[in-house]
Amino acid sequence: METLYQAAARANGGEPDAGRRLLSWAQQAGLPQAIPSSSTWCLATPQDRRWWGEMWADRITTSTVAQQALRDGLADEATLHRISQAWRAWAAAPDGWLSVLHGELIVLV
């Protein structure tokens, strides 16, 4: 099942799972010297959780992401509100943490 985030990104012509495909795309493009790596963000401190959680809580209800989700029938207002509240609850939880993996590729040409 495609998530709201994935559906919105793809509707905008993006690929939300691009990081995991970088090496394959480089090989398909004939780039012989592609060096894959990754980095991560760990959002675990109260300050980091507040920053990330509040950003997404607001973004999912007040940004063009919200407008697009409503316009394209990807979500209704109640769903967006529940997602916003879930981000705020996560940000307030003392045991909350999130790790974001970033796929990276260095290509030598």
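Residues numbered from 1 in each chain as written. Predicted model: local features only at pLDDT ≥ 70, side-chain atom pairs only at ≥ 80, totals over all residues. Heavy atoms only, no water.

1. Quick notes on helix H5 (residues 77–92)
An α-helical turn contains 3.6 residues, so any two residues separated by three or four positions project in the same direction. Here is the rule: Here a strand is any run of E in DSSP of at least two residues, a helix any run of H or I of at least four, and the numbering for each starts at the N terminus. In this analysis, the expected span of each helix is defined as 1.5 Å times one less than the number of residues it contains. Per-residue accessibility, obtained with a 1.4 Å probe over protein chains only, is compared with the maximum for each type, and a residue is labelled buried under 20%, exposed over 50%, and partly exposed between these values. Each C-beta atom gives one direction from the helix axis, and the arc is the one those directions make. Throughout, a contact is declared for two residues whenever any of their heavy atoms are within 4.5 Å.
Helix length check: H5 (16 residues) gives 23 Å between terminal C-alpha atoms against 22 Å at 1.5 Å per residue, within 8%. Among the residues of H5, those classed as buried are Leu 80, Ser 84, Trp 90 and Ala 91. Angularly, the buried residues of H5 cover 125° about the axis, an arc narrow enough to put them on a single face. Exposed residues pointing more than 90 degrees away from the buried face of H5 are listed as Arg 82 and Ala 92. Looking at the buried side of H5, the elements it contacts are helix H1 (4–11), strand S1 (34–43), helix H3 (46–62), helix H4 (64–71) and strand S2 (98–107).

2. Description of the environment of Ser 84
Along the chain, the position of Ser 84 falls in helix H5. Between the C-alpha atom of Ser 84 and that of Trp 56, which follows or precedes it by 28 residues, the distance is 7.0 Å. Those residues in contact with Ser 84 that lie beyond four places of it in its chain are Ala 57, Ile 60 and Thr 61.

3. Notes on the packing of aromatic side chains
Counted only if it meets this: Here a Phe, Tyr or Trp ring, Trp counted by its six-membered ring, pairs with any other such ring whose centre lies within 6.5 Å, and the pair is stacked when the planes are under 30 degrees apart, edge-to-face when over 60, and tilted otherwise.
The tally for this structure, following the rule as stated, stands at 6 aromatic pairs. On the basis of an interplanar angle of 25° and a centroid distance of 6.4 Å, the ring pair of Trp 56 and Trp 87 is categorised as stacked. Here Trp 87 lies in helix H5 and Trp 56 lies in helix H3, a separation of 31 residues in the sequence. Among the aromatic residues, those joined into a cluster by ring pairs are Tyr 5, Trp 41, Trp 51, Trp 52, Trp 56, Trp 87 and Trp 90.

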